[in-house]
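# Breakdown of the fold
Single-letter residue listing:
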Amino acid sequence: MTFVQLIDCRTSRFDEMDRLMDTWVEQTKGKRTATHAVVGKDRSDASHFIEIVEFPSYEEAMRNSNLPETDKVFRELVALCDEMPTFTDLDVVRDEQLYADTARRFFETIGARGELPPLDGLVAEDYHDHDPANEQDTMGMDAMRREIERWRGGFDFAFSLDDQFGEGDRVCNRWSWSATHTGDFVGIPATGRKVTMTGTTVFRCREDGKIVEGWWQYDRLGLMGQLGVLDALEQ
C-alpha cells in the first residue's frame, strides 16, 4: 500500500533548507526509497511550507528514515525551522490518476461500436492534434471527430493500453490496435483483412481534465504492408 508523509514546517530560511535537501538527495543517491516529493508554500503565509513525500510502503519509508544521512539532515533541518516541524503519516486509501483515466476513456470511446459518442466530456473544443501521417495538424474537436470517423469508416477496431504513465499535465499511452479492414481507407477498398498496429500517444490535459493536445507515433508503414499496399513495390 502506498504511503505518504506530510512534513509541516515554518521557516524564514527556506533557501538554506532547499540547499540542505539538495545535499541530502546527493548523499543518499541509490539508497533513498521515496518515489515522489512535492514542496508547497502557503500563499497566505510565506514562512509556512509543507512537503509531501510518497513511498511504495510504510516499511520503505521507515527504511528511508533509518538512513544515517536522513538522521543528520533531520537535525540540521530542525535547526533551520522557526518551530518544531510536524509529521503526518498517511496510508493511501484512494489514488485516482484523473488525466490517465481521461486518456483511457478516450481510447475506449473512439473504438466503441455503433455511432461515435460525443467527445465533449473528453476533448477540448480547441483541441490540437499532431499526426505525422497528416500533412497538416488537426485543429479543433469537430475536425478531430472527422479524423476519427475516417478511421472508423475503414476499420472495426479496438485499442488495448499496454502502458500508461503521466507527469504534470501530460499522459503517455503505449497502445496496441487490432482491427478488421471493413471499408475504404485512404483509397484502399475493404479487404476484410485482420490487421494490428502498435503506437504511442502523448496527451496534454488542462485543469478540468479535458485533452487539449495530442502527439501520435504509430507503425503506419506496417499497416500498409498488412493491407497489401506494398506488395506491388516488392515485386
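We now turn to the structure provided with this report.

### Some words on the overall build of the chain
Within the chain one finds seven helices and 10 strands. Taking 2.2 N^0.38 as the reference for a compact globule, 235 residues should give roughly 18 Å; the C-alpha atoms of the chain span a radius of gyration of 25 Å, well beyond that estimate. Projected onto its principal axes, the C-alpha coordinates of the chain cover approximately 75 × 40 × 30 Å. Counting the 235 residues in the chain, one finds 37% classified as buried. Across the chain, contacts joining residues at least 24 apart in sequence account for 62% of those joining residues at least 6 apart. As displayed, the chain has an accessible area near 14000 Å², and 50% of this comes from carbon and sulfur atoms. Of note, the chain has its 27 positive side-chain charges centred 1 Å away from the centre of its 46 negative side-chain charges.

### Structural notes on the sheet that holds strand β7 (residues 155-167)
Ordered in space as β6-β5-β10-β9-β8-β7, the six strands form an open sheet in which the pairing is mixed. The open sheet is flanked by β6 (138-139) and β7, the only strands paired with a single partner. Alignment of strand β8 (residues 170-181) against strand β9 (residues 194-205), held across 11 bridges, turns out to be antiparallel. By the bridge assignment, Ser176 is partnered in β9 with Thr198. Lying over the sheet, helix α4 (residues 98-110) contacts β5 (123-130), β7, β8, β9 and β10 (211-218), oriented at roughly 170° with respect to β7.

### Quick notes on a negative patch on the surface
Together, Asp120, Glu125, Asp126 and Asp142 give the surface a local cluster of negative charge. Position of Glu125 relative to the elements: it lies in strand β5.

### Here's the deal with helix α1 (residues 14-27)
Over its 14 residues, α1 extends 20 Å from the first C-alpha to the last, a length consistent with the 20 Å expected when each residue adds 1.5 Å. Buried residues along α1 sit against β1 (3-10), β3 (48-55), α2 (58-65) and α3 (68-80).

### A few points about the sheet that holds strand β4 (residues 86-91)
Paired through backbone hydrogen bonds, the strands of a sheet run either parallel or antiparallel to each other. Strand order in the open sheet formed by four strands is β2-β3-β1-β4, and the pairing between neighbours is antiparallel. Looking at strand neighbours, the two that pair on one side only are β2 (36-41) and β4, the edges of this open sheet. For this sheet the average axis-to-axis angle between neighbouring strands, irrespective of direction, equals 15°. Of the pairings in the sheet, the one linking β1 to β3 comprises eight bridges and is antiparallel in character. Paired with Val4 across the two strands is Glu54, which belongs to β3.

### Focus: the environment of Asp163
With respect to the element layout, Asp163 can be found in strand β7. Excluding residues that lie within four positions of it along the chain, Asp163 makes contacts with Cys172, Asn173 and Arg174.

### Quick notes on the nonpolar core
One finds Phe106, Trp151, Phe155, Trp177, Phe203, Trp216 and Leu223 to be the most contacted residues of the largest nonpolar core, which totals 32 residues. Listed by contribution, the elements that provide at least two residues to this core are α4, β5, α5 (141-154), β7, β8, β9, β10 and α6 (220-226). Dropping the residues within four chain positions of it, Trp151 is found in contact with Phe157, Trp177, Phe185, Met197, Tyr218, Arg220 and Leu223. In this structure, Met17, Leu20, Phe49 and Leu80 belong to the second largest nonpolar core, which totals 10 residues.

Conventions we followed
- Residues numbered from 1 in each chain as written.
- Predicted model: local features only at pLDDT ≥ 70, side-chain atom pairs only at ≥ 80, totals over all residues.
- Heavy atoms only, no water.
- Helix = DSSP H or I, 4+ residues; strand = E, 2+ residues; numbered from the N terminus.
- Rg over C-alpha atoms; globule rule 2.2 N^0.38 Å.
- Buried < 20%, exposed > 50% of the residue type's maximum accessible area, 1.4 Å probe, protein only.
- Contact = heavy atoms within 4.5 Å.
- Areas by Shrake-Rupley, 256 points an atom, 1.4 Å probe, with all protein chains shown as cover.
- Lys, Arg positive; Asp, Glu negative; His and termini not counted.
- Charge placed at Lys NZ, Arg CZ, Asp CG, Glu CD.
- Pairing = 2+ DSSP bridges.
- Axes fitted to C-alpha atoms, helices over the stretch in contact; angles between N-to-C directions.
- Patch = residues over 30% accessible without salt bridge, like charges linked within 9 Å, V, L, I, M, F, W, Y side chains within 5 Å.
- Salt bridge = Lys/Arg side-chain N within 4 Å of Asp/Glu carboxyl O.
- Expected span 1.5 Å × (residues − 1).
- Core = buried A, V, L, I, M, F, W, Y, C linked by side-chain atoms within 4.5 Å.

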